Amino acid sequence: MNSPDASHAIRNARRWAPGGWRPWAGAGGAVALAFLARYQLHPLLGSQYPYLLFIIAALLVEFFFGLGPAIFAVIAGLLLATYFFVPPYNVFFPPEPLDLFFAAGYLIINGVAITLIEALQRSKYALSLMKDVLQSRLEMLERSNMEREYAERLAQESSERFRSLAASFPQILYMRRVGGEFEYLNEAFYRYTGLDAGLLGDIGWLEAVHPEDTERAGRACERVGESGEGETMQLRLRMADGRYEQFAGPLSRVEGTHGKDIKWVGSLARSLTAQA
């Protein structure tokens, strides 16, 4: 199946010839030159080869100026050659059977050759159009790739700046997927709890949550997920020395463009009162 661009190029291929009055003037000039050359050779050739130079002129017109001017050159050449160089001279009628045969041959030769040249020129022009289309598509693809690479670089730099900034925060910052796994925990969580880094996306973080607060934290996430309204999350975390301390902070939900939940985000700040 042809692509829309290929079909468009094929339709426009018929426009390969130049427009305006110049092609028609060129066709008239080619016929005139053929007539003058044949007229000068008439004493030598007589009635032989009356159409030869006009065939050459018509084919050159087709090659350079297109189908319309070429048809004009064929008709003009037929009339001029028949009137001036086919005996009886300077008359059109009555034609001899042999004259009709040569005239038919002239038309057939021109018709076949012009058809082939026209097909060749259209194919050449269609290939040129397709080349331009492909070049344009390639440039668009290159620009798209450059823009994508630039956007990825900006996103990476932004992510690195965020992580660098978040790492220095005394509060715990986190992003949690709807499925329950953490997408991000900053360094404060590991500093407080003493747990090894690398628990991201696993359930090992639950080791730092007080057993009585695990279910309550889960219910808070469910409420935020269902209502879409943020609330304050409170839970106790086990510190690196084994003590539990109270943490609290806002919990909210991030939605996708179509309203689908993407993740929960929040922060936890250390309370002043430690919990045993």
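Placed above this text is the structure.
Residues numbered from 1 in each chain as written. Predicted model: local features only at pLDDT ≥ 70, side-chain atom pairs only at ≥ 80, totals over all residues. Heavy atoms only, no water.

**Structural notes on the packing of helix H2 (residues 22-45) against helix H4 (residues 67-85)**
Item 1. One way to put it is that H2 packs onto H4 with a least axis distance of 9 Å and a crossing angle of 25 degrees. Taken together, the axis directions place H2 and H4 in an arrangement best described as roughly parallel. Remark: the crossing between H2 and H4 carries right-handed chirality. Residue-level contacts link Pro 23, Trp 24, Ala 27, Gly 28, Val 31, Phe 35, Arg 38, Tyr 39 and His 42 of H2 to Gly 68, Pro 69, Phe 72, Ala 73, Ala 76, Gly 77, Leu 80, Phe 84 and Phe 85 of H4. (Axes fitted to C-alpha atoms, helices over the stretch in contact; angles between N-to-C directions. Helix = DSSP H or I, 4+ residues; strand = E, 2+ residues; numbered from the N terminus. Parallel < 35°, antiparallel > 145°, perpendicular 65-115°, else oblique. Left-handed = near helix turned anticlockwise from the far one by under 90°. Contact = heavy atoms within 4.5 Å.)

**Observations regarding the pairing of strand S4 (residues 244-255)**
Item 1. As paired strands, strand S3 (residues 231-238) and S4 are joined by 8 bridges and run antiparallel to one another. Along S4, the bridge assignment pairs Met 233 with Gly 249.
Item 2. Linkage of S3 to S4, two consecutive antiparallel strands, is achieved through a turn of 5 residues, within which Gly 242 is found at a positive phi near 100 degrees. (Pairing = 2+ DSSP bridges.)

**Overview of helix H7 (residues 211-227)**
Item 1. The end-to-end C-alpha separation of H7 is 26 Å, in line with the 24 Å expected for 17 residues at 1.5 Å each.
Item 2. The complete set of buried residues in H7 reads Asp 213, Ala 217, Ala 220, Cys 221, Val 224 and Gly 225. End-on view of H7: buried residues confined to an arc of 130 degrees, all on one side of the axis. Across H7 from its buried face, at more than 90 degrees, point the exposed residues Pro 211, Glu 212, Glu 215, Glu 222 and Glu 226. (Expected span 1.5 Å × (residues − 1). Buried < 20%, exposed > 50% of the residue type's maximum accessible area, 1.4 Å probe, protein only. Arc of directions from axis to C-beta.)

**Remarks on H2**
Item 1. With 24 residues, H2 extends 32 Å from end C-alpha to end C-alpha; this agrees with the ideal 34 Å at 1.5 Å per step.
Item 2. For H2, every residue scored as buried is listed here: Pro 23, Ala 27, Ala 30, Val 31, Ala 34, Phe 35 and Arg 38.
Item 3. Of the residues trailing H2, Gly 46 is marked for its positive phi of about 65 degrees.

**So, the packing of aromatic side chains**
Item 1. Scanning all chains against the criterion turns up 12 aromatic pairs.
Item 2. Ring geometry for Phe 35 and Phe 84: centres 5.1 Å apart, planes at 65 degrees, overall edge-to-face. Of this pair, Phe 35 sits in helix H2 while Phe 84 sits in helix H4, placing them 49 residues apart in sequence.
Item 3. A residue is classified by how much of its surface remains accessible, and Phe 84, at 28% relative accessible area, is partly exposed.
Item 4. Summarising the aromatic geometry, the rings of Phe 63 and Phe 64 are spaced 5.0 Å apart at their centres and angled 85 degrees between planes, so their arrangement reads as edge-to-face.
Item 5. The class of Phe 64 is partly exposed, set by a relative accessible area of 48%.
Item 6. Of the aromatic side chains, those joined through ring pairs into one cluster are Phe 35, Tyr 39, Phe 54, Tyr 83, Phe 84 and Phe 85.
Item 7. Directly above the ring of Phe 85 sits Arg 38, whose terminal nitrogen or CZ lies 4.7 Å from the centroid. (Phe/Tyr/Trp six-rings, centres within 6.5 Å; stacked < 30°, edge-to-face > 60°. Lys NZ or Arg CZ within 6 Å of the ring centre and 35° of its normal.)

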